[in-house]
Amino acid sequence: METNDYLKDLKEIKEMMSKSSQTLSLSGLSGVLAGLYALAGAGYADHLLQAYEVEDYSESRGVIGFPLDALSLQLMGLATVIVLASIVTGIVLSAKKAKKMGETLWNASSRRLLINFSIPLVTGGLLVLILLFKGYYELIAPIMLLFYGMGCVNASKFTFRDVRYLGLTQIVLGLMAAYFKDSDLLFWALGFGVCHVLYGAMMYVKYDRN
Amino acid sequence: MKSLLENINKAFDHRIRLGIMSVLMVNDRVDFTTLKELLGVTDGNLASHIKALETEAYIQVEKQFIGKKPNTRYLATTAGKTAFKNHIEALEKLIQKS
């Protein structure tokens, strides 16, 4: 064997180690798009809130005995649309990237990525629903940021390191949204909008553009 | 040159065996299908290389049932991990020397 063969061996070892333990087909561009959906959504939510003339939506209450008024339902519908659009975009673009890299999107490491991401995320989602039905609106935005951030940190072991920093940023923003709760929509837009655009663009430049 | 080649392990002198060990170094337990997908090899080919590593006691086989379906998982033994680390170090030294 020549030196080139040894080099090739080492390269293959390294590639197989990362390929078998990490999902590298996560698309950066889908992060940018998800961020843009979130920003558009936050803009529309702000418009809705102003149309209803509630400066602080946490004080809005619906008809007696039923906490979910028209505004809450509209905001929930809006959030559902953003989440669904982001998930579909993420799957489509990551599948495309996986195909380009000659890999499958659905494999052992992406399954682990999804499971570890979902545990905090589903917990947070259920908590948000419980709070909505109980009529506690105050902490919904920070809870979304916090649990999403923890999902990212938890999932980051199985994909790019950047996802860890994205998660940590979301956690910090979540805590700030809880403290400055009058501007929680702003922090929500910063976290789900601006952060996704920034980190997505960074990942796109680092890993996708070739 | 002879002394440098000493630590090059013949058991790892094949792309597929190298691949199997790489996967098992970073993952606790991996089943047959996952290994097959990762390495892009046929059943028979993978089985024969697994057998070779098993004979060297570098990997360990774990058979269990998921429902009614048999599931075979593999893990690297401590001896296997040490041998593989030595092999990688030997490769690195060879590259540096030349």
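Residues numbered from 1 in each chain as written. Chains lettered and ligands numbered in written order. Predicted model: local features only at pLDDT ≥ 70, side-chain atom pairs only at ≥ 80, totals over all residues. Heavy atoms only, no water.

Considering the packing of helix 5 (residues 140-155) of chain A against helix 7 (residues 184-208) of chain A
All names here are of chain A. The test is simple: With axes taken as lines fitted to C-alpha atoms, and helix axes fitted only over the stretch in contact, angles between N-to-C directions fall between 0 and 180 degrees. Secondary structure elements follow DSSP: runs of H or I no shorter than four residues count as helices, runs of E no shorter than two count as strands, and numbering proceeds from the N terminus. An angle below 35 degrees is read as roughly parallel, one above 145 as roughly antiparallel, one from 65 to 115 as roughly perpendicular, and any other as oblique. Crossing handedness: left-handed means the near helix sits turned counterclockwise from the far one by under a right angle, and right-handed means the same turn made clockwise. Note on contacts: a residue pair is in contact if any heavy atoms of the two residues lie within 4.5 Å. Put simply, Ala, Val, Leu, Ile, Met, Phe, Trp, Tyr, Cys and Pro go in the nonpolar bin, Asp, Glu, Lys and Arg in the charged bin, and everything else, Gly too, in the polar bin.
It is at 8 Å that the axes of helix 5 and helix 7 come closest, and there the two elements cross at 30 degrees. One element, helix 5, and the other, helix 7, form an angle in the roughly parallel class. Between helix 5 and helix 7 the crossing geometry is left-handed. Of the residues in helix 7, those in contact with Ala141, Pro142, Met144, Leu145 and Tyr148 of helix 5 are Asp184, Phe187, Trp188, Gly191, Phe192 and His196. Partitioning the contact of helix 5 with helix 7 into residue classes produces 8 nonpolar, 2 polar and 1 charged.

Examining the interface of chain B and chain A
The extent of an interface is frequently quoted as the accessible surface area lost upon association of the parts. What counts here: Here the quantity called buried area is the total loss of accessible area, with a 1.4 Å probe, experienced by two parts when brought into contact, counted for both. In the sections that follow, a salt bridge refers to a side-chain nitrogen of Lys or Arg positioned within 4 Å of a carboxyl oxygen of Asp or Glu.
Listed as interface residues are 21 residues of chain B and, on the opposing side, 16 residues of chain A. With both chains or domains summed, chain B and chain A bury close to 1,600 Å², and 72% of this area falls on carbon and sulfur atoms. Per-residue buried area on chain B facing chain A is highest for B:Leu38, B:Leu91 and B:Ile95; these three make up 30% of the total on that side. Linking chain B to chain A there are 0 salt bridges. If you list the elements that add at least two residues to the side of chain B that touches chain A, you get helix 2 (15-26), helix 3 (32-39) and helix 5 (78-97) of chain B. A total of 7 residues in the side of chain B that touches chain A trace back to one element, the largest contributor, which is helix 2 of chain B. Partitioned by chemical class, the residues of the side of chain B that touches chain A number 12 nonpolar, 5 polar and 4 charged.

Describing the side chain of B:Asn9
All names here are of chain B. Rules: Only protein chains enter the accessibility calculation, which uses a 1.4 Å probe; a residue is then buried when its area is under 20% of its type maximum, exposed when over 50%, and partly exposed in between.
By secondary structure assignment, the location of Asn9 is in the loop between helix 1 (2-5) and helix 2. Using a relative accessible area of 17% as the deciding quantity, one classes Asn9 as buried. Excluding its chain neighbours within four sequence positions, the residues that come into contact with Asn9 are Tyr58, Ala83 and His87.

Digging into unusual backbone geometry
Despite not being glycine, B:Ala57 has its phi angle at roughly 65 degrees, a positive value. Locating B:Ala57 in the fold gives a position in the loop between helix 4 (43-55) and strand 2 (59-66).

Quick notes on the environment of B:Asn71
Residue and element names in this part refer to chain B. Topologically, Asn71 is positioned in strand 3 (residues 69-76). Taking the C-alpha atoms as reference, Asn71 lies 9.4 Å from Thr33; in sequence the two are 38 residues apart. For Asn71, the contacting residues outside a window of four places in its chain are Asp31, Glu62, Lys63, Gln64 and Ile66.

Concerning helix 6 (residues 162-179) of chain A
Heads up, the rule is: Every helix has an expected span of 1.5 Å times one less than the residues it contains.
For helix 6 of chain A, spanning 18 residues, the distance from its first C-alpha to its last is 26 Å, which sits close to the expected 26 Å at 1.5 Å a residue. The elements touched by buried residues of helix 6 of chain A are helix 5 and helix 7 of chain A.

Topic: the sheet that holds strand 1 (residues 30-31) of chain B
All names here are of chain B. Stated formally: Strand pairing is defined by DSSP finding a minimum of two bridges between the two strands.
An order of 1-3-2 is seen for the 3 strands of this open sheet, with the pairing classed as antiparallel. Across the chains shown, the open sheet's two edge strands, defined by having one partner strand only, are strand 1 and strand 2. Bridge count for strand 2 against strand 3 is 8 bridges, and the pairing is antiparallel. Across the sheet, the residue bridging to Val61 is Tyr74, located in strand 3. Across the sheet, helix 2 lies against strand 1, strand 2 and strand 3, angled at about 85 degrees from strand 3, the strand it touches most.

Description of the UniProt feature "transmembrane region" (unreviewed entry) in chain A
All names here are of chain A. So the rule is basically this: UniProt positions are given in the numbering used here, feature names are shortened, and annotations may be inferred rather than shown by experiment.
Mapped onto the present numbering, the UniProt feature "transmembrane region" (unreviewed entry) falls at residues 24-45, 71-93, 113-133, 139-156, 163-180 and 186-205. For residues 71-93, the end-to-end C-alpha separation is 33 Å, with 100% helix and 0% strand making up the annotated structure. For the annotated span residues 186-205, helix accounts for 100% and strand for 0% of the residues, and the straight-line distance between the end C-alpha atoms is 27 Å.

Quick word on the nonpolar core
The nonpolar side chains of a soluble globular protein tend to be buried with one another. We count it as follows: In this text, buried Ala, Val, Leu, Ile, Met, Phe, Trp, Tyr and Cys residues form a nonpolar core when linked through side-chain atoms within 4.5 Å.
Core analysis: the largest hydrophobic core is formed by 35 residues, its most contacted members being B:Ile20, B:Leu35 and B:Phe84. Of all the secondary structure elements, the ones that give two or more residues to this core are helix 1 (3-21) of chain A together with helix 2, helix 3, helix 4, strand 3 and helix 5 of chain B. For B:Phe84, the residues in contact, after removing those within four places along its chain, are A:Ile13, A:Met17, B:Phe12, B:Leu18, B:Met21, B:Ser22 and B:Met25. Grouped together as the second largest cluster of nonpolar side chains are 21 residues, A:Ala45, A:Leu78, A:Phe160 and A:Ala189 included.

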